[in-house]
Amino acid sequence: KRSDSRIDTYLFMYKKDFGFCLKDFYRLTGYPPLIPRYALGVWWNRDDDYSVNEIYSLLAKFKKYEIPINVFLLNNWSKNDVTFDQEKIPNPESVIRELHENDIRFGVSLKLGSIPVTNNGVQTEVPFNVYDKTFVANYFGNYIKSLNAQGIDFYSIDYRGKDLYALRMMNYYF
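Quick caveat, the model's predicted, so the values are computed rather than measured.

Participant: Looking at this structure, I do not really get the environment of Asn75. What am I missing?
Facilitator: Looking at where Asn75 falls in the secondary structure, it is placed in the loop between β2 (71-74) and α3 (92-101). Asn75 sits in the buried class, given a relative accessible area of 12%. A C-alpha to C-alpha distance of 7.8 Å links Asn75 and Asp49, two positions 26 residues apart in sequence. The residues contacting Asn75, other than those within four sequence positions of it, are Asn45, Arg46, Asp47, Ser109 and Lys111.

Laid out in structure tokens, this is it:
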């Protein structure tokens, strides 16, 4: 590592052959990462309380009318933002499996307001603290890891706070 503040500068001159210029540039820097193809597809996201039957009914309508769908984002999936609402979706693994079998990615929206925590047998609500590394590590270890194991493909942050630094940090972690 250099101790001074010099900057490497590269000049690519290829007249009108922009494709060849990019090829050489990528040979030097490597190809940039691309977003997954499904992210450019058709998304279904509605702020409704869906039950299992309503999700299956909606999927049947998409098939019936031959409407392609690539992503299903569920907003109201949980009462506590860490586990599925068992009254609406008692077996989330089967719903997610059905979506995946139809090549549909599944995501959930996280509000990240407060998290239920049990301490000495007493359950309390703890505010989500993105600035506390231990809290974030425990949140991912205890909650996000189990959601990933159920088959969730991605998370959408539904942050309504005013702290933009916290939002940036949440985007970093997720």
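Participant: How do you make sense of helix α1 (residues 18-29) when you look at a structure like this?
Facilitator: It helps to recall that an α-helix has 3.6 residues per turn; residues three or four apart then point in one direction. In a regular helix each residue adds 1.5 Å, so 12 residues correspond to 16 Å; α1 covers 16 Å between its end C-alpha atoms and thus fits that length. Positive phi shows up at Gly30, right after α1, with a value of about 90°.

Participant: Quick question: what am I supposed to make of unusual backbone geometry here?
Facilitator: A negative phi angle characterises most non-glycine residues, just as the trans form characterises most peptide bonds. For Asp81, which is not a glycine, the phi torsion comes out positive at approximately 70°. Mapped onto the fold, Asp81 is located in the loop between β2 and α3. Residue Asp103 is not a glycine yet carries a positive backbone phi of 60°. When its relative accessible area of 63% is taken as the criterion, Asp103 is described as exposed.

Participant: Even after reading the chapter, I still don't get the sheet that holds strand β3 (residues 105-110), so can you show me in this structure?
Facilitator: The pairing of strands in a sheet happens through backbone hydrogen bonds and is either parallel or antiparallel. If you walk across this open sheet you meet the 4 strands as β1-β2-β3-β6, and the pairing is parallel. Among the strands making up the open sheet, the edge pair consists of β1 (43-46) and β6 (154-157). If you compare each strand with its neighbour and ignore which way they point, the axes differ by 25° on average. For β2 and β3, the ladder comprises 4 bridges, and the chain directions are parallel. Paired with Val71 across the strands is Arg105, a residue of β3.

Reading the values: the criteria
Residues numbered from 1 in each chain as written. Predicted model: local features only at pLDDT ≥ 70, side-chain atom pairs only at ≥ 80, totals over all residues. Heavy atoms only, no water. Helix = DSSP H or I, 4+ residues; strand = E, 2+ residues; numbered from the N terminus. Buried < 20%, exposed > 50% of the residue type's maximum accessible area, 1.4 Å probe, protein only. Contact = heavy atoms within 4.5 Å. Expected span 1.5 Å × (residues − 1). Pairing = 2+ DSSP bridges. Axes fitted to C-alpha atoms, helices over the stretch in contact; angles between N-to-C directions.

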